[in-house]
Amino acid sequence: MTTAVEFLNVSRHFGSIRAVDGVTLNIAEGTFFAMLGPSGSGKTTCLRLISGFEQPTGGQIRIFGQDCIDVPPNRRNVNTVFQDYALFPHMNVRDNVAYGLMVKGVDKRTRLSRADELLALVKLDHHGSRKPGELSGGQRQRVALARALINEPRVLLLDEPLGALDLKLREAMQDELKALQQRLGITFVFVTHDQGEALSMADQVAVFSEGQIAQIGTPAEIYEKPRTRFVADFVGSSNVLSAEMAAGFGGAARPASLRPEAVRIVEEGACVRGRVQALRYLGSGTRVIVAVPGGELSVFVTKGLPVPAQGAEVGLNWDAQAMHPMEQG
Amino acid sequence: MRSDNRPPLILTAGAIAGLLFLHLPILLIFLYAFTTDERTYQFPPPGLTTQWFAVAWNRADIWPPLYLSLRVAALSTVMALILGTLCAAAMARSRFFGRDQISLLIILPIALPGIITGMSLRSAFSIMDVPFSTWTILMGHATFCIVIVFNNAVARFRRLSGSIVEASLDLGANGFQTFRHVILPNLGSALLAGGMLAFALSFDEVIVTTFTAGQQSTLPIWMLNELVRPRQRPVTNVVAIVVFVTTFVPILIAYYLTRGGSETAGGGK
């Protein structure tokens, strides 16, 4: 598989602030790659390093094998969907979408018919003559997408594109983006702080923390085998066990993650016993918070199984391999 | 919706009186352009005539000041458009040490009394041995014209999403194409408004011009001189109508162009 984007020990320091600090990563062609992390973790700076709006202070960046340190943004075959969409307010939707072809000198008829094709692709066929100000947030998002696709980029960069949408629309757009990426087969690099979004859409996820990559892997690897406490905390509502607790439960004396759905409520053969602190009904099941010696554990009880009462004493048990040891930090 | 909290009658009357006080004199100026009496402004005018327009048209001493005023206003507007826009672009796009202070310095000339601007420019010109000419007038006018354009442009820059410039570059446009297709169309009406106001301000400026003009006189200064001697007085009123129209129309257009949104059109002067 060809490598679309390659970072070799890339840094971007702003004075004493290390926005990106020694990042090495490979994005294979045709993958949906998510950069996940809290704000200020360096994920957006990484995206801007790919688009060319930031220059690294150290390391090498290659796009399809080509070193691109000195290539300005307008000469890179990557396009960006901006967080605030950045649509041109004075142009109608068709002209916005056709902009990339216009500046290349493509004649008006060709570029407008191409713009119409892309608008059809994002299901906005009949909105071509409107101005961006007349569109809803979701529609603007689609225009931004169509506009970024018109130059047929080999890599599409998306900077928190769904951040401004409400929940329902966001979920619909997640499905659509994923489908679109599979249909077009181009590489998507997607920046988000929403772990659910990253896990459900991406083929590969890089979790950023303080300018560095905390972990890189498939969503399943990230979710099930978090490498550090930070990843476990950030990616999901996992139980993070201290080294002492892990040792007490028969694991190695290292911090460990334990998924709530791996924990069973049992009568006999319990690893640990505790009192039910709180119950939270989630629809597909119930989250039970159990106070145990040394902390508390979150247990996910699937719908249909008996849910203990609040204040009841319960025994908990899990398979030894469900407890995943992590690095310190 | 019915407005239940009407203002007290006295406030309404006061407001109307205030507005009349401000605007009736202007109407009187118009009226006296048509009077048959050429020496005194007696009320009511003894008779009405349009002969003064013809007289004004044929007076040779009106034309040079008019041309000078138009030339100065046009040139200082062009200068203000270029420099003011560049200033605004710098202030809006980058953050640097002393940015707010520089921004204040740019705006300062409009807050300074014209007489101070005029005196300081005059002494500066004489220290540097710069002879008074159209160019010295122009520089005096540019001090406040730049501010007008700057204020309008900076407000528009602030309202524009900064990433549209990046979006344009991202889509393959070069710097010139970005300016031509993205920045200019979005800045256009703000620049037009700023330019028209600058033109109007420059056209009827008196104080700074008095200090920087030397032997030449612009139209407002010609009028000032003309009022002193009681010969063909209504001609001055005819010229006043011309000045009024040349400055009021651009201001009106500027007002409509920047209406809505938090844009500053006048900026104080």
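For chain A, the count of helices and strands is nine helices and 18 strands. The C-alpha extent of chain A, read off along each of the three principal axes, is 75 × 45 × 35 Å. Going through the 329 residues of chain A one by one, you find that 51% of them count as buried. Taking as baseline every contact in chain A between residues at least 6 positions apart, the subset at least 24 positions apart corresponds to 63%. As displayed, chain A has an accessible area near 14,900 Å², and 48% of this comes from carbon and sulfur atoms. Seen as two clouds, the 35 positive and the 35 negative side-chain charges of chain A have centres 5 Å apart.

Once that is clear, we can look at the domain arrangement of chain A. All names here are of chain A. Each assigned domain of chain A is listed here: domain 1 (3-232) and domain 2 (242-325). When each unit is reduced to the centre of its C-alpha atoms, the spacing between domain 1 and domain 2 is 39 Å. Contact with domain 1, which involves six residues of that partner, is made by four residues of domain 2. At the boundary of domain 1 with domain 2, total buried surface from both sides reaches about 510 Å², with 47% on carbon and sulfur atoms.

All names here are of chain B. Taking 1.5 Å per residue as the helical rise, helix α8 (residues 175-203) with its 29 residues ought to reach 42 Å, whereas the 35 Å between its terminal C-alpha atoms falls clearly short. At Leu-184, α8 is deflected by roughly 50°, the largest bend along its length, and proline Pro-185 occurs up to four residues later in sequence. Sitting at the head of α8, Asn-174 places a side-chain oxygen 3.2 Å from the backbone nitrogen of Phe-176.

Attention now goes to the pairing of strand β2 (residues 17-28) of chain A. Looking down a regular strand, the side chains alternate between one sheet face and the other. Residue and element names in this part refer to chain A. Relative to β2, strand β1 (residues 3-14) runs antiparallel, the two sharing eight bridges. Pairing of Phe-14 across the sheet is with Ile-17, part of β2. Where β1 hands over to β2, the hairpin turn is made up of two residues, of which Gly-15 adopts a positive phi near 60°.

Further remarks concern helix α4 (residues 137-149) of chain A. For α4(A), built from 13 residues, the straight-helix expectation of 18 Å at 1.5 Å per residue is met to within 8% by its first-to-last C-alpha distance of 19 Å. In terms of residue burial, α4(A) counts as a mostly covered element, since ten of its 13 residues are buried. What α4(A) keeps buried is the set A:Gly138, A:Gln141, A:Arg142, A:Val143, A:Ala144, A:Leu145, A:Ala146, A:Arg147, A:Ala148 and A:Leu149. Contacts from the buried residues of α4(A) go to β6 (78-81), α2 (93-102), α3 (108-121), β7 (155-159) and α5 (167-184) of chain A together with α7 (163-170) of chain B.

Turning our eyes to something else, we now look at the state of the cysteines. Applying the stated criterion across every chain, the model contains zero disulfides over all chains. Here A:Cys46 is not disulfide-linked; the sulfur of A:Cys68 is the nearest cysteine sulfur, at 13 Å. Looking at A:Cys46, the relative accessible area reads 0%, which means it is buried. Cysteine B:Cys145 shares no disulfide, and the gap to the nearest cysteine sulfur, in B:Cys87, comes to 14 Å.

What counts and how
Residues numbered from 1 in each chain as written. Chains lettered and ligands numbered in written order. Predicted model: local features only at pLDDT ≥ 70, side-chain atom pairs only at ≥ 80, totals over all residues. Heavy atoms only, no water. Helix = DSSP H or I, 4+ residues; strand = E, 2+ residues; numbered from the N terminus. Buried < 20%, exposed > 50% of the residue type's maximum accessible area, 1.4 Å probe, protein only. Contact = heavy atoms within 4.5 Å. Areas by Shrake-Rupley, 256 points an atom, 1.4 Å probe, with all protein chains shown as cover. Lys, Arg positive; Asp, Glu negative; His and termini not counted. Charge placed at Lys NZ, Arg CZ, Asp CG, Glu CD. Domains from an automatic or database assignment. Buried area = accessible area lost by both parts, 1.4 Å probe. Expected span 1.5 Å × (residues − 1). Bend = angle between axes of the 7 residues up to and from the residue. Polar contact = N/O pair within 3.5 Å; in protein donor to acceptor, adjacent residues only side chain to side chain. Pairing = 2+ DSSP bridges. Disulfide = S-S within 2.5 Å.

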